[in-house]
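Here is how the chains run, residue by residue.
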Amino acid sequence: MTIYQNLIAGEWVGTDASENISPSDTKDVVGLYARGSAEDTKTAIAAAKAAFPAWSRSGILERHAILKKTADEILARKEELGKLLAREEGKILPEAIGEVTRAAQIFDFFAGEALRLTGEIVPSARPGITVEITREPLGVIGIITPWNFPIAIPAWKIAPALCYGNTVVFKPAELVPGCAWAIVDILHRAGLPKGVLNLVMGSGSVVGQAMLDSRDLGGITFTGSTGTGKRVALASIEHNRKFQLEMGGKNPMVVLDDADLNVAVEAAANSGFFSTGQRCTASSRLIVTEGIHDRFVAAMTDKLKSLTVDNALKAGTHIGPVVDERQLKQDTDYIEIGKSEGAKLAFGGEVVSRDTPGFYLQPTLFTEATNQMRISQEEIFGPVVSVIRVKDYDEALAVANDTPFGLSAGIATTSLKHATHFKRNSEAGMVMVNLPTAGVDFHVPFGGRKASSFGSREQGKYAAEFFTVVKTAYTLP
Ligand SMILES: NC(=O)C1=CN([C@@H]2O[C@H](COP(=O)(O)OP(=O)(O)OC[C@H]3O[C@@H](n4cnc5c(N)ncnc54)[C@H](OP(=O)(O)O)[C@@H]3O)[C@@H](O)[C@H]2O)C=CC1
Ligand SMILES: O=C(O)CCC(=O)C(=O)O
């Protein structure tokens with residue numbers, strides 16, 4: 001089998017490789033992908049550092065053209081790349097093609113941003129002097145991404161990094177090197193100069209750690225677990241560099257008595273179970289007021305009965321497999337914890353077999369949960385959701401905010417008053433009314449509060465906050 005190699009200083013390198021296995025079918029080897037070493041990582045960082053002066057001064061038309069060409073190729077190959085994504089991560093094919101399309105839209109957006117770079121000229125407090133306020137790139141950006149969005153998250157970190165004139169060392173999650181390799185190959189062929197974008201696939205404890213230990217990164221942008229996020233933060237403080245963290249969620253979805261039941265059920269099922277519940281924006285706490293509670297649980301249970309769990313590539317599958325054995329164990333451990341805490345298992349809870357050997361788990365719904373239970377406080381990251389019964393809107397809001405996390409929050413209601421109050425008083429970075437808590441737009445800010453995020457927002461024009469540094473220059477002509 002061919003080895004998909006790392007890209008370091010413009011050359012494809014690496015002979016040590018590991019298998020990329022499909023979670024839908026553990027007999028399906030997606031490909032052999034290079035495993036970089038700490039030494040490879042250092043070489044990649046040195047190459048990115050050497051490429052920085054020229055790239056940071058490159059013309060906006062060059063950056064625009066490369067990002068646009070990348071967007072166009074990703075879009076033209078969305079079916080093929082979607083299939084690769086579905087195979088390696090387990091997202092169902094329509095969701096996977098949707099994610100690839102989103103990656104293309106992100107590159108397209110930042111191709112446009114390259115042409116819209118601006119600064120300000122303001123009068124000085126001292127007459128005769130002008131003040132220019134400009135944004136400059138940070139330098140070499142370390143990009144560390146998770147497995148759950150194998151192409152969209154790399155896209156929303158790589159595209160702005162390059163757009164604003166930074167060079168990059170990119171380390172994707174070991175579970176999903178396929179999409180990472182494809183996106184880097186496309187950017188490389190689109191004409192990026194040597195060393196501007198380096199790909200080092202390999203393990204977090206080796207490649208990721210070597211990035212954390214480097215003194216030559218101007219910034220690290222990370223998405224993943226809270227534990228690794230803290231390591232990124234501590235190492236970045238030690239090395240005086242900027243960092244941006246996107247971590248977990250325990251996102252609430254409030255359902256009020258006056259909600260449209262169908263809207264509420266569709267939003268809750270999507271939030272909790274689509275993408276196998278493996279989204280940091282997934283809602284695993286359904287906070288439901290008394291008057292609609294029993295009708296909502298009955299309708300949710302009917303909805304879950306109608307969902308097919310199977311191979312991600314099979315037509316008609318609604319929920320693909322869990323990403324790997326370790327995540328499956330985490331999910332089933334939490335199901336046992338939920339039972340032992342006294343929550344009632346209303347649906348699912350079983351690992352199931354399908355025609356192909358994969359990590360299949362039924363969508364699982366607990367009722368009679370309280371917000372103090374571990375299943376309501378800790379991120380499970382699987383298709384496991386609890387219903388918490390509350391008296392009224394005020395209690396619902398208090399429970400929704402009673403969490404260490406603050407990424408996304410939803411409410412299903414026909415009351416303008418409650419929707420407006422919730423938008424203002426939810427302690428989350430993103431609020432959805434009558435919509436799923438997950439599945440965000442590509443051109444507006446993304447990020448949370450409390451333990452979910454650290455640093456400025458990702459995506460849209462707000463991405464400039466992280467990927468640039470402001471310079472204030474005074475001139476006496
Ligand atoms: N917020 C989110 O979107 C996500 C949250 N999670 C949460 O995290 C849990 C565990 O998932 P997991 O994949 O292990 O998350 P991690 O935080 O371990 O992985 C995220 C990224 O960090 C890398 N990494 C791991 N260790 C280090 C290190 N010491 N230094 C630098 N980089 C490192 C990983 O590499 P590698 O994978 O190659 O080891 C991966 O690229 C999930 O169950 C879920 O709760 C997970 C994914 C996304
Ligand atoms: O919900 C989304 O669209 C994005 C979710 C995400 O970024 C994540 O799960 O890491």
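Just so we're clear, the structure is a prediction, and the values are computed from it rather than from any experiment. (Residues numbered from 1 in each chain as written. Chains lettered and ligands numbered in written order. Predicted model: local features only at pLDDT ≥ 70, side-chain atom pairs only at ≥ 80, totals over all residues.)

Draft legend 1. The UniProt feature "active site" (unreviewed entry) in the protein chain, seen in detail. The UniProt record annotates "active site" (unreviewed entry) at Glu246. Mapped onto the fold, Glu246 is located in strand 12 (residues 242-246). Apart from residues no more than four positions distant in its own chain, Glu246 is found in contact with Thr223, Cys280, Gly447, Ser453 and Glu458. (UniProt positions renumbered as here; feature names shortened; annotations may be inferred. Helix = DSSP H or I, 4+ residues; strand = E, 2+ residues; numbered from the N terminus. Contact = placed C-beta atoms within 7 Å.)

Draft legend 2. Here's a closer look at the nonpolar core. Ranked by size, the top nonpolar core spans 143 residues in total, and within it Leu67, Phe107, Ile151, Ala155, Ala159, Val168 and Val255 carry the most contacts. No other element matches the 11 residues that helix 4 (residues 93-114) contributes to this core. Each of two domains, domain 1 (3-247 + 452-475) and domain 2 (252-433), supplies a minimum of three residues to this core. The contact partners of Leu67, leaving out residues within four places of it in the chain, are Phe107, Phe110, Ala111, Ala114, Ala159, Leu162 and Cys163. (Core = buried A, V, L, I, M, F, W, Y, C linked by C-beta atoms within 7 Å. Buried ≥ 20, exposed ≤ 12 C-beta atoms within 10 Å, placed from the backbone. Domains from an automatic or database assignment.)

Draft legend 3. Structural view of the site of ligand 2. By nearness alone, every residue bordering ligand 2 is listed as Asn148, Phe149, Ile153, Thr223, Arg279, Cys280, Thr281, Ala438, Gly439 and Val440. Residues of the shell around ligand 2, tallied by class, amount to five nonpolar, four polar and one charged. Taken domain by domain, the makeup of the shell around ligand 2 includes at least three residues from each of domain 1 (3-247 + 452-475) and domain 2 (252-433). (Near = placed C-beta within 6 Å. Nonpolar A, V, L, I, M, F, W, Y, C, P; charged D, E, K, R; others polar.)

Draft legend 4. Examining the pairing of strand 13 (residues 251-255) more closely. In terms of burial, strand 13 is largely enclosed, as five of its five residues are buried. Because side chains alternate across strand 13, one face comprises the buried residues Asn251, Met253 and Val255, and the other comprises Pro252 and Val254, equally buried. Direction of pairing for strand 13 relative to strand 14 (residues 283-289): parallel, over a ladder of five bridges. Paired with Asn251 across the strands is Ser283, a residue of strand 14. In this view, the connection linking strand 13 to its parallel neighbour strand 14 by way of helix 9 (residues 261-273) has right-handed handedness. Taken together, the three bridges between strand 13 and strand 21 (residues 408-412) define a ladder with parallel strand orientation. From the neighbouring strand, Val255 faces strand 21, where its bridge partner is Ala412. (Pairing = 2+ DSSP bridges. Right-handed = clockwise from strand over helix to strand, strands pointing away.)

Draft legend 5. Examining the site of ligand 1 more closely. The local shell around ligand 1 holds 27 residues, among which Glu174, Gly204, Gly208, Gly224 and Ser225 are the closest. When residues of the shell around ligand 1 are traced back to their parent elements, those giving at least two are helix 7 (204-213), helix 8 (226-238) and helix 11 (325-341). A total of five residues in the shell around ligand 1 trace back to one element, the largest contributor, which is helix 7. Its residues assigned to classes, the shell around ligand 1 comprises eight nonpolar, 14 polar and five charged. For the shell around ligand 1, the two domains that each supply at least three residues are domain 1 (3-247 + 452-475) and domain 2 (252-433).

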